[in-house]
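# Descriptive analysis of the structure
Chain by chain, the residues run as shown.
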Amino acid sequence: MSTLNVDALVGNTSANAITVRGEGTATTSLQQGLAKIWVNYTHTSTTAIRDSLNMSSITDINTGESTLTFANNMNNDDFAQSNGIGDFGTQFNNSTALGQDTNSSKTTALTKLHVAGQTANTPYDHHETNVIVHGDLA
């Protein structure tokens, strides 16, 4: 077994050209495989970030609605966003993380999240909300 200790990895042909071998005959871009933003926050009573990476702030817009502002912008607004929600009460079953709607749009600097509980998809503030963003940073 070998150990490699470095402070930075930079691609030989370009800074963002680091690939990982070992997935059969395919290679994986290291940069594309990393989450650029993730956050775990509560939206009950007072909206508060528990832990995060590259998340500047979260603004409570309304029941079940939040604006998530990134610390570092994404390269474009075509990033992939995954959402997950949970609650200790009865709203946990059949809850939905709706993401974007026609009244809001994601930008390179932020995304808006709309979540609902099990009662006819009524907006609901969940105890635990998780968001992960993949894509290219600016």
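A quick note: this is a predicted structure, and the numbers were derived from the prediction, not measured. (Residues numbered from 1 in each chain as written. Predicted model: local features only at pLDDT ≥ 70, side-chain atom pairs only at ≥ 80, totals over all residues. Heavy atoms only, no water.)

## Considerations on the packing of aromatic side chains
The final tally for this structure, using the stated rule, is one aromatic pair. A ring pair is formed by Phe70 and Phe79, whose centres lie 5.7 Å apart and whose planes are at 75°; its orientation type is edge-to-face. Accessibility expressed as a relative area gives 4% for Phe70, which makes it buried. (Phe/Tyr/Trp six-rings, centres within 6.5 Å; stacked < 30°, edge-to-face > 60°. Buried < 20%, exposed > 50% of the residue type's maximum accessible area, 1.4 Å probe, protein only.)

## Some thoughts on the nonpolar core
Ranked by size, the top nonpolar core spans 14 residues in total, and within it Val39, Met55 and Leu68 carry the most contacts. For this core, the secondary structure elements donating two or more residues are strand 3 (37–42), strand 5 (55–62), strand 6 (65–70), strand 9 (110–116) and strand 10 (128–134). When residues in this core are grouped by element, the largest group, three residues, is from strand 3. Once you skip the residues sitting within four places of it in the chain, Val39 turns out to touch Ile49, Asp51, Ser52, Met55, Ile58, Leu68, Thr129, Asn130 and Val131. (Core = buried A, V, L, I, M, F, W, Y, C linked by side-chain atoms within 4.5 Å. Helix = DSSP H or I, 4+ residues; strand = E, 2+ residues; numbered from the N terminus. Contact = heavy atoms within 4.5 Å.)

## Some words on the side chain of Asn40
Looking at the secondary structure, you find Asn40 in strand 3. Polar side-chain contacts of Asn40 include one of 3.4 Å to the side chain of Glu128. Looking at Asn40, its side chain comes within polar contact range of the side chain of Asn130, at 3.2 Å. With residues near it in sequence (within four places) discarded, Asn40 still touches Ile49, Arg50, Asp51, Glu128, Thr129 and Asn130. (Polar contact = N/O pair within 3.5 Å; in protein donor to acceptor, adjacent residues only side chain to side chain.)

## Overview of a nonpolar patch on the surface
Together, Leu4, Val6 and Leu9 make up a nonpolar patch on the protein surface, roughly 320 Å² of accessible area in all. Mapped onto the elements, Leu4 comes out in the segment before strand 1 (19–23). (Patch = residues over 30% accessible without salt bridge, like charges linked within 9 Å, V, L, I, M, F, W, Y side chains within 5 Å. Areas by Shrake-Rupley, 256 points an atom, 1.4 Å probe, with all protein chains shown as cover. Salt bridge = Lys/Arg side-chain N within 4 Å of Asp/Glu carboxyl O.)

## Describing the sheet that holds strand 3
Ordered in space as 4-3-10-7, the four strands form an open sheet in which the pairing is antiparallel. In this open sheet, the two edge strands, each paired with only one partner strand, are strand 4 (48–53) and strand 7 (80–86). Strand-to-strand, the axes of this sheet are offset by a mean angle of 10°, without reference to chain direction. Both strand 3 and strand 10 contribute to a ladder of five bridges, which runs antiparallel. Residue Tyr41 lies in a different strand from strand 10, and its bridge partner there is Thr129. (Pairing = 2+ DSSP bridges. Axes fitted to C-alpha atoms, helices over the stretch in contact; angles between N-to-C directions.)

## Some points on the environment of Val131
Within the element layout of this structure, Val131 appears in strand 10. When its relative accessible area of 2% is taken as the criterion, Val131 is described as buried. Once residues lying within four places of it in the same chain are set aside, the contact partners of Val131 are Ile37, Trp38, Val39, Leu68, Gln81, Ser82, Asn83 and Leu113.

## Some remarks on the pairing of strand 10
Remark: a regular strand shows side chains that alternate across the two faces of the sheet. Alternating residues of strand 10 divide into Thr129, Val131 and Val133, all buried, and Glu128, Asn130, Ile132 and His134, none buried. Two strands pair when backbone bridges link them, and strand 7 and strand 10 are joined in this way by seven bridges, in the antiparallel orientation. Its bridge partner lying in strand 10, Gly86 is registered against Glu128.

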